[in-house]
Amino acid sequence: MTAAGAAPVSGPETKLRLDDLSRADVPFRTGHFQAYAPHDFHRIAYVEWGEADSPHVVICVHGLSRQGRDFDALGYRLAKLGYRVVCPDLPGRGLSGWLKDPELYGLPQYAADMAALIAHLRVPGKIDWVGTSLGGLTGMVLAAAARSPIRRMVINDIGPFLPWAPIREIGSRLRDAPRLHHNLASGESRLRTVLGAFGPLTDEQWRHIAKYSFHQEPNGGWRPHYDPGIGDAFRPGRVYSVSMWRDWDVITCPVLLLRGEHSDLLLASTADEMTRRGPPTRRVEIPQCGHAPALLDDEQLRIVTDWLGPAA
C-alpha cells in the first residue's frame, strides 16, 4: 500500500501527538471570510498550515458531517514538504456559519464557497486538492469546470456513481444523531460506533476526532458541530442514486483515488470504471477501512504525501 514519488515522510514529525501539532515547528493559522448564498452572507472558517507566501497550495475538504480539523496530521506533513495547506469548514460545519435556507446545502453552494476561498487566498497559480467524500465530490465539480485551477486531485473514497442504499444510511445517521451529549466522552463513544468504517484508530486519534466534532454549550452539554439542516436533503423520498460521470469524463488533471477496502459508497466496480475513463487515475486500496479512510494513520498519510511529493 505505497505510492511512487517522493521519499516517505519520516523522522520526529511522525511521532508528534495530534494535540501538539498546532504548536509544532510549522506555521499554523486560522482565518475566515464572508461568502455569499442567495439573500445571505455566511462565514467560512479555515485552518492553514505552512508558510503563507508559499505558491504551492493544497486545499483539503472534509466529508458530509465532518470539518477541517480532520486534516491536521496531513496538513502538518504537507507543510513540512513546503506546501501551504488550507483546510476549510464547509458551511454549516465546524466554525463556519449556518445557511438560513437548509435547501442550499448542496454541491452548487459548496463549489461556489470553495471557489470564493481560492479567490480569498490569492493563490498565484494552480492548486492541489484533497477531498474526502463530499470534499471529493466538490473537487470533482470544480475540476470539471473550464479553466479549473485544480492541478492535481486526491479523492478519498468517493466517485461519480453513488448507490442510494448507503446514502440513505448516511442520512439516517444524521437524522438520528443526538442533539446533545452530557459530556464529550459520550459523544466520542457515539462517533466510535457511527464512524467505525474510518478504520482501526488509536484512542488518541478518536479523541482528536471527538474534540472538534462537538461544541460545548454555555448551559452544559456538548452538541454536534454541524447544522442539523445538512440532513434535510436525505429525508425519506429524497434519496436516490447519484451519477456524476458527465463531470468525471471532462476532468483532465491527474487523480489519486483512495478506496476503503470495505467501502459501500465507492463500489469496487465504480473505482474500476474511474481508472478506465476520465482523468489519468491511480487507484490505491486502503485495507481495514470502509467509508472513508480517516487519513490519520502514518501509512495512509504517506500514500498521499508520496504521490504529491515535495512542493515544486
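To keep things clear, this report deals only with the structure shown in the data block. Note that the coordinates shown come from a computational prediction; the quantities given were computed from them, not determined experimentally.

### With respect to the pattern of salt bridges
Then, number 1: In the structure shown here, the tally under the stated rule is 21 salt bridges.
Then, number 2: Between Glu285 and Arg259 there is a salt bridge whose closest N-O contact spans 2.4 Å. With Glu285 in strand 12 (residues 281–286) and Arg259 in strand 11 (residues 255–260), the pair connects residues that are 26 residues apart, well separated along the chain.
Then, number 3: On the basis of relative accessibility, which here comes to 6%, the residue Arg259 falls in the buried class.
Then, number 4: Counted as one network, the salt bridges with shared partners bring together Asp249, Glu273, Arg276 and Arg277.

### Considerations on the packing of aromatic side chains
Then, number 1: With the rule as written, the count across this model stands at three aromatic pairs.
Then, number 2: Relative to Trp49, the ring of Phe28 lies with its centre 4.6 Å away and its plane at 65°, an arrangement referred to as edge-to-face. Separated by 21 residues along the polypeptide, Phe28 in strand 1 (residues 28–37) and Trp49 in strand 2 (residues 40–49) bring together distant segments of the chain.
Then, number 3: Looking at Trp49, the relative accessible area reads 0%, which means it is buried.
Then, number 4: Each ring, one from Trp49 and one from Tyr76, has its centre 6.5 Å from the other, and the planes form 80°; the classification is edge-to-face. Placement of the pair is Trp49 in strand 2 and Tyr76 in helix 1 (residues 72–80), with a sequence separation of 27 residues.
Then, number 5: Among the aromatic residues, those joined into a cluster by ring pairs are Phe28, Trp49 and Tyr76.

### Remarks on the side chain of Gln67
Then, number 1: Inspection of the secondary structure puts Gln67 in the loop between strand 3 (57–61) and helix 1.
Then, number 2: The class of Gln67 is buried, set by a relative accessible area of 2%.
Then, number 3: At 2.8 Å, the side chain of Gln67 forms a polar contact with the backbone nitrogen of Arg69.
Then, number 4: When residues no more than four places from it in sequence are discounted, the contact partners of Gln67 are His62, Asp89, Gly94, Tyr212 and His225.

### A closer look at helix 4 (residues 164–176)
Then, number 1: Taking 1.5 Å of rise per residue, 13 residues should cover 18 Å, and helix 4 covers 18 Å from first to last C-alpha, within 8% of that figure.
Then, number 2: Among the residues making up helix 4, those that are buried are Pro166, Ile167, Ile170, Gly171, Ser172 and Leu174.
Then, number 3: On its buried side, helix 4 packs onto strand 7 (161–162) and strand 10 (242–243).

### Some details on the packing of helix 1 against helix 9 (residues 298–308)
Then, number 1: The geometry of helix 1 relative to helix 9 is characterised by a closest axis approach of 10 Å and an angle of 40° between their N-to-C directions. Classified by the angle between their axes, helix 1 and helix 9 sit oblique to one another. The two elements helix 1 and helix 9 cross, and the hand of that crossing is right-handed. Residue-level inspection shows Ala73, Leu74, Arg77 and Leu78 of helix 1 in contact with helix 9, the latter providing Asp298, Leu301, Val304, Thr305 and Leu308.

Quick notes on the rules
- Residues numbered from 1 in each chain as written.
- Predicted model: local features only at pLDDT ≥ 70, side-chain atom pairs only at ≥ 80, totals over all residues.
- Heavy atoms only, no water.
- Salt bridge = Lys/Arg side-chain N within 4 Å of Asp/Glu carboxyl O.
- Helix = DSSP H or I, 4+ residues; strand = E, 2+ residues; numbered from the N terminus.
- Buried < 20%, exposed > 50% of the residue type's maximum accessible area, 1.4 Å probe, protein only.
- Phe/Tyr/Trp six-rings, centres within 6.5 Å; stacked < 30°, edge-to-face > 60°.
- Polar contact = N/O pair within 3.5 Å; in protein donor to acceptor, adjacent residues only side chain to side chain.
- Contact = heavy atoms within 4.5 Å.
- Expected span 1.5 Å × (residues − 1).
- Axes fitted to C-alpha atoms, helices over the stretch in contact; angles between N-to-C directions.
- Parallel < 35°, antiparallel > 145°, perpendicular 65-115°, else oblique.
- Left-handed = near helix turned anticlockwise from the far one by under 90°.

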